[in-house]
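Each chain is listed here by its residues.
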Amino acid sequence: MSSPKLDPVPSHALPSQVVKADEPILVAQAKAGDVSAFETLVNRYERKIFRLTQNITQNREDAEDAMQEAFLKAYEHLGEFEGNSRFYTWLVRIAVNQALMKLRRRRPNVVSLDDEIDTGEDIIPREVEDWGPSPIERYEQTELSEILSKVISELDPAFRIVFQLRDIEQLSTEETAEALRLSVPAVKSRLLRGRLKLRQKLNQYFRQGAKL
Amino acid sequence: MKCKDVVKELADYLDEALDPTLRMSIEEHLGNCKDCRVVVDTTKQTIDIFCNSEPAPLSEPTRERLHQALIKRLRRRP
Ligand SMILES: [Zn+2]
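Everything quoted here is computed from the prediction, not taken from an experiment.

The rules behind each value
Residues numbered from 1 in each chain as written. Chains lettered and ligands numbered in written order. Predicted model: local features only at pLDDT ≥ 70, side-chain atom pairs only at ≥ 80, totals over all residues. Heavy atoms only, no water. Helix = DSSP H or I, 4+ residues; strand = E, 2+ residues; numbered from the N terminus. Buried < 20%, exposed > 50% of the residue type's maximum accessible area, 1.4 Å probe, protein only. Contact = heavy atoms within 4.5 Å. Areas by Shrake-Rupley, 256 points an atom, 1.4 Å probe, with all protein chains shown as cover. Domains from an automatic or database assignment. Buried area = accessible area lost by both parts, 1.4 Å probe. Salt bridge = Lys/Arg side-chain N within 4 Å of Asp/Glu carboxyl O. Polar contact = N/O pair within 3.5 Å; in protein donor to acceptor, adjacent residues only side chain to side chain. Axes fitted to C-alpha atoms, helices over the stretch in contact; angles between N-to-C directions. Left-handed = near helix turned anticlockwise from the far one by under 90°. Nonpolar A, V, L, I, M, F, W, Y, C, P; charged D, E, K, R; others polar.

Chemist: Help me out: how do you make sense of the overall build of chain A in this one?
Modeler: Broken down by element type, chain A carries nine helices and zero strands. When each of the 212 residues of chain A is scored for burial, the buried share is 51%. Partitioning the contacts of chain A with sequence separation of at least 6, the portion at a separation of at least 24 is 70%. Summed over its atoms, the accessible surface of chain A is roughly 10,100 Å², and 49% of this surface lies on carbon and sulfur atoms.

Below, the structure is given as structure tokens:
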């Protein structure tokens, strides 16, 4: 089974570049009742969807449940998928809903994505250090994955989830706004803060001399 | 243009979503301000690192449970 993770994804790829060309065919086949076509789609996206639900819920069990529910829901509602968006975007939206429900159930007071956030001066970066050439090559693949999930887990949900959808899943600003029921300006301000906070957190690992 | 103005526009700048005039004044500032150059560059790297990171494979039990749940459901037609 081929896997999308092996495709070289150019940095800052446009969403359309991430999608394999056979996706619409597989979706059509799955809609017509071809179970193995749907399984191919599941195999293709299970890792990404699990990372998504994991990063939103920050809880393994919830993440697994949300992922399962997302795929089952997608299968059940396949007939309603009209093909005017990408299947993956549609799937992400379902998974985000399932994951947010879990997160809100577990932490009802903490999570409000649409809280006003102040856009004061504290976003101005303080530590400004160059990272030097290819900072990630200083880490093993597994070490790097651990660093990335650690720093993203430390972000407030409002920033974490917007960053996840926009920069990791490569949804557009408008798609992210729609999936989270936020306004476009709200997505933009959360994205800016999320990016800056992550930059700040990665700084301790990637600044020059951070690792021998 | 001041450093804080650059930071405010940073997300749109990196997404190439700024109008040309604003982009030019940012680039002019970047030409003269090393701190902002580093912030722009390391923020861009932050995005690229996450965007290019590969999701880990599911653990065997997690994958098994997912596929069992699907098999159970897929036996019935949608
Ligand atoms: Zn500056």
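Chemist: Help me understand the domain arrangement of chain A, please; the structure alone is not making it clear to me.
Modeler: A common way to state how big an interface is: give the accessible area lost once the parts meet. Residues and elements named next belong to chain A. By the assigned domains, chain A splits into domain 1 (23-106) and domain 2 (135-211). For domain 1 and domain 2, the distance between their C-alpha centroids amounts to 22 Å. At the junction of the two partners, domain 1 supplies 15 residues and domain 2 supplies 16 residues. Interface of domain 1 and domain 2: buried area, both sides summed, is about 1,300 Å²; carbon and sulfur atoms make up 56% of it. It is Asn 55, Gln 58 and Arg 93 that lose the most area in domain 1 upon contact with domain 2, and together they represent 34% of the buried surface on that side. At the boundary of domain 1 with domain 2, the tally comes to two salt bridges. With its nearest N and O atoms 3.1 Å apart, the salt bridge here joins Glu 178 to Arg 93. At the boundary of domain 1 with domain 2, the tally comes to five residue pairs in polar contact (both at pLDDT 80 or more). Residue assignment for the side of domain 1 that touches domain 2 shows that the elements contributing at least two residues are helix 3 (35-57) and helix 5 (87-106). Counting residues per element, the side of domain 1 that touches domain 2 draws most heavily on helix 5, at eight residues.

Chemist: Please explain the side chain of A:Glu169 as it appears in this structure.
Modeler: Structurally, A:Glu169 can be placed in the loop between helix 7 (157-168) and helix 8 (173-180). Not counting the four nearest positions on each side in its chain, A:Glu169 is found in contact with A:Lys48, A:Arg51, A:Leu52, A:Tyr88 and A:Gln164.

Chemist: What am I meant to see in the packing of helix 6 (residues 141-153) of chain A against helix 9 (residues 184-206) of chain A here?
Modeler: The axes of two packed helices give the description: the angle between them and the distance between them. All names here are of chain A. For the pair helix 6 and helix 9, the least separation of the axes is 10 Å and the interaxial angle reads 145°. Both helix 6 and helix 9 take part in a crossing whose hand is right-handed. Note on element contacts: helix 9 touches helix 6 through Leu 198, Lys 201, Leu 202, Tyr 205 and Phe 206, opposite Leu 144, Ile 147, Leu 148, Lys 150, Val 151 and Ile 152. A class-by-class count of the residues in the contact of helix 6 with helix 9 yields nine nonpolar, no polar and two charged.

Chemist: Explain the interface of chain B and chain A here, please?
Modeler: Each partner contributes residues to the interface: chain B has 42 residues there, and chain A has 53 residues. Between chain B and chain A the total buried area reaches about 4,400 Å² when both faces are included, carbon and sulfur atoms providing 65% of it. Three residues, B:Phe50, B:Pro55 and B:Leu74, lead the burial of chain B against chain A; their summed loss comes to 16% of the area buried on that side. The salt bridge involving B:Arg63 is made with A:Glu46; its shortest N-O contact spans 2.5 Å. Where chain B packs against chain A, one counts 13 residue pairs in polar contact (both at pLDDT 80 or more). Of all the elements in the fold, those that place two or more residues in the side of chain B that touches chain A are helix 1 (3-8), helix 2 (10-14), helix 4 (34-51) and helix 5 (60-74) of chain B. Here the side of chain B that touches chain A takes 13 residues from helix 4 of chain B, the largest share from any one element.

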